[in-house]
Amino acid sequence: MAIRPRPLILVRGFGGPDVQDEQRDAYQGFNNGTVYPERRGENYIYEGFLLRALKSPRYTYRDATNVVGYYPKPVQATAPSTVWGEELTSGTVVVDPTLAERLLGQGVRGTLWIYRYYDLQPRTLEEYGRGLVQLIRIMRHASEAAGEIFPGVDIVAHSMGGLAVRAALSRIAAQGEDPEALIHRIVTLGTPHRGISFQLLPGWLLSALPVVSPAAQELNAFDPDRTDFRDIPFPAERILTVVGTDYRTYGAKAASLGNRLSTFIDEGTLAYNHSDGLVKQSSAQLPGSPRTFIHKCHGGRDSLVTSREAYEIAMRFFHGTHHVQLWLDEAEVTRGYDVFGRSEFYFGVKIKPRYVDFELFHQSSEAENCYGPFHRGDFTDPLPVLTEELRAPLSAAGDDTSGWPEVTRTGSGALRRLVWEGWVDATSKPEAAHLDDSMAFRLEVYVGERNTSPLGFSDNVVFSKQYYVHAIPDPAGPELYLHTDARLLAQDVTRDRLAAAAATEGAQVQRATPDPGSPGTFTFTVGGTGFTATMAVTITSTPAGT
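Residues numbered from 1 in each chain as written. Predicted model: local features only at pLDDT ≥ 70, side-chain atom pairs only at ≥ 80, totals over all residues. Heavy atoms only, no water.

### A look at the pairing of strand β23 (residues 521-528)
Where strand β22 (residues 513-514) lies against β23, 2 bridges are found, and the strand directions are antiparallel. Residue pairing for β23: Thr513 is matched across the bridge by Thr523. Hairpin connection between β22 and β23: a loop of 6 residues separates the two successive antiparallel strands, and Gly520 in this loop has a positive phi of roughly 80 degrees. With 8 bridges connecting them, β23 and strand β24 (residues 531-541) associate as antiparallel partners. From the neighbouring strand, Gly527 faces β24, where its bridge partner is Thr532. Between β23 and the antiparallel strand that follows it, β24, lie 2 residues; Gly530 among them carries a positive phi value of about 95 degrees. (Pairing = 2+ DSSP bridges. Helix = DSSP H or I, 4+ residues; strand = E, 2+ residues; numbered from the N terminus.)

As structure tokens, this is what we get:
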């Protein structure tokens with residue numbers, strides 16, 4: 001069943017010193033997508049965020065971008081309006097009353113907007129924030145004029161666009177309003193919240209350089225010494241940070257080299273880059289906010305802004321029916337130790353939802369984002385506290401953000417470490433599968449070993465295996481199964497058949513155990529040659545409107 005979602009605003013990233021091409025781009029890059037020749041059907045062509053949203057059979061959006069105009073200098077209203085006051089029809093961000101009456105007469109739910117901040121002057125984050133607040137107020141006025149309760153907006157912002165959104169939040173709060181009354185949720189794609197590691201030029205020099213002076217104030221916002229990300233006037237849990245990890249495919253090689261050199265300063269090695277090519281993984285995150293990794297570069301083809309992954313993750317964060325957390329309870333490495341005692345172990349997972357051939361979360365040795373290093377085979381080494389590390393300025397010595405997002409305890413007192421959290425939509429599925437009320441995702445578990453002695457290997461694989469986590473609702477209480485293949489995920493498989501398979505095919509189908517001390521949590525075991533672990537999944541329903 002189609003729903004009318006909250007209005008959605010898309011905000012582009014940094015355009016460089018000369019933004020004439022960006023000003024000519026009607027939809028600011030959100031109309032660019034990617035072709036995946038190795039895939040089929042729905043997964044073959046990704047049309048870009050804009051067109052995919054407009055074509056969605058589940059979330060029905062309509063384009064409202066032309067309703068508002070953006071100008072470098074104030075303009076006057078073209079004609080008096082009984083609905084729209086002068087403060088909304090005059091200025092630099094103004095509504096067109098005729099188009100508004102035609103497109104917004106039924107309210108703003110289901111509308112999609114491109115925020116064109118590069119049409120404004122001066123080129124400062126403060127101005128971009130002011131313009132975004134004006135756009136949201138225009139939307140609120142249209143909603144109220146149509147007799148609709150304004151639902152707040154969802155925002156997807158790429159790169160510097162996330163900083164413009166933060167500037168808007170600060171402006172709303174400074175004017176005495178509650179940002180939560182205007183904005184529902186925010187997704188940032190590769191936003192340098194903590195700055196850019198190699199952005200070391202002082203502001204006075206940026207302003208003096210003729211090539212970059214038009215963008216000097218924007219570049220100042222990338223200062224790695226800044227700490228204003230600590231005081232965002234918005235709930236951290238309602239900002240999802242999407243972090244890119246594939247620096248190798250980013251076109252600006254000088255930026256990628258700069259990140260590698262900054263890693264050398266922090267870690268004493270040139271072996272790692274830890275970035276999407278431009279923004280460090282640790283800079284794209286916020287303390288206390290959920291985060292997810294995708295193996296994409298900062299910009300260009302199949303990147304953070306043009307990949308199907310970004311769309312799928314954002315839609316689930318905005319409209320998901322369930323919040324899912326994956327935990328590691330116990331672990332044991334039984335092989336892979338080197339004779340010199342110099343082994344470092346790394347742990348990571350990949351998550352891919354059923355019906356969509358794209359990942360919601362990615363950790364791997366190539367992405368340089370696994371948890372670790374661990375020297376103990378049970379992974380109980382004390383890692384730096386992620387939230388504390390993310391509160392430090394990016395320029396601080398030793399940027400170690402490879403720790404667990406959250407650590408808690410089970411009822412027995414054992415450690416329970418958060419590996420991944422994300423959102424799923426149990427109602428988003430192909431028409432042929434409409435009778436299946438279960439949820440499933442593929443879980444790939446990886447353990448790697450790096451030998452730090454000069455005579456060892458740096459890329460040993462201790463363990464790697466795929467599983468399918470299968471949650472089934474039931475009035476008597478939900479059930480959860482872990483499969484080693486997908487044959488029992490079909491919609492015609494009954495609960496009785498699953499229970500029988502778990503009893504007779506324990507190696508292929510495992511019935512997870514409910515955790516009595518944690519509602520909605522189930523534990524299960526993974527492992528094989530070289531590694532075994534107890535993991536847990538917590539599934540929480542997310543009521544509509546939250």
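### Digging into unusual backbone geometry
Residue Gln121 is joined to Pro122 through a cis peptide bond whose omega torsion reads -5 degrees. Locating Pro122 in the fold gives a position in the loop between β7 (111-115) and α5 (125-145). In this chain, Gly372 is followed by Pro373 through a cis amide linkage whose omega measures 5 degrees. Locating Pro373 in the fold gives a position in strand β15 (residues 371-374).

### Describing the pairing of strand β13 (residues 343-353)
With 10 of 11 residues buried, β13 is to be regarded as a mostly interior element. One ladder, built from 11 bridges, connects β13 with strand β18 (residues 439-451); its direction is antiparallel. Directly across from Phe347, in β18, lies its bridge partner Val447. Judged from the 2 bridges that link them, β13 and β15 form a sheet pairing that is antiparallel. Its bridge partner lying in β15, Phe345 is registered against Phe374. As paired strands, β13 and strand β14 (residues 361-362) are joined by 2 bridges and run antiparallel to one another. By the bridge assignment, Lys350 is partnered in β14 with His362. (Buried < 20%, exposed > 50% of the residue type's maximum accessible area, 1.4 Å probe, protein only.)

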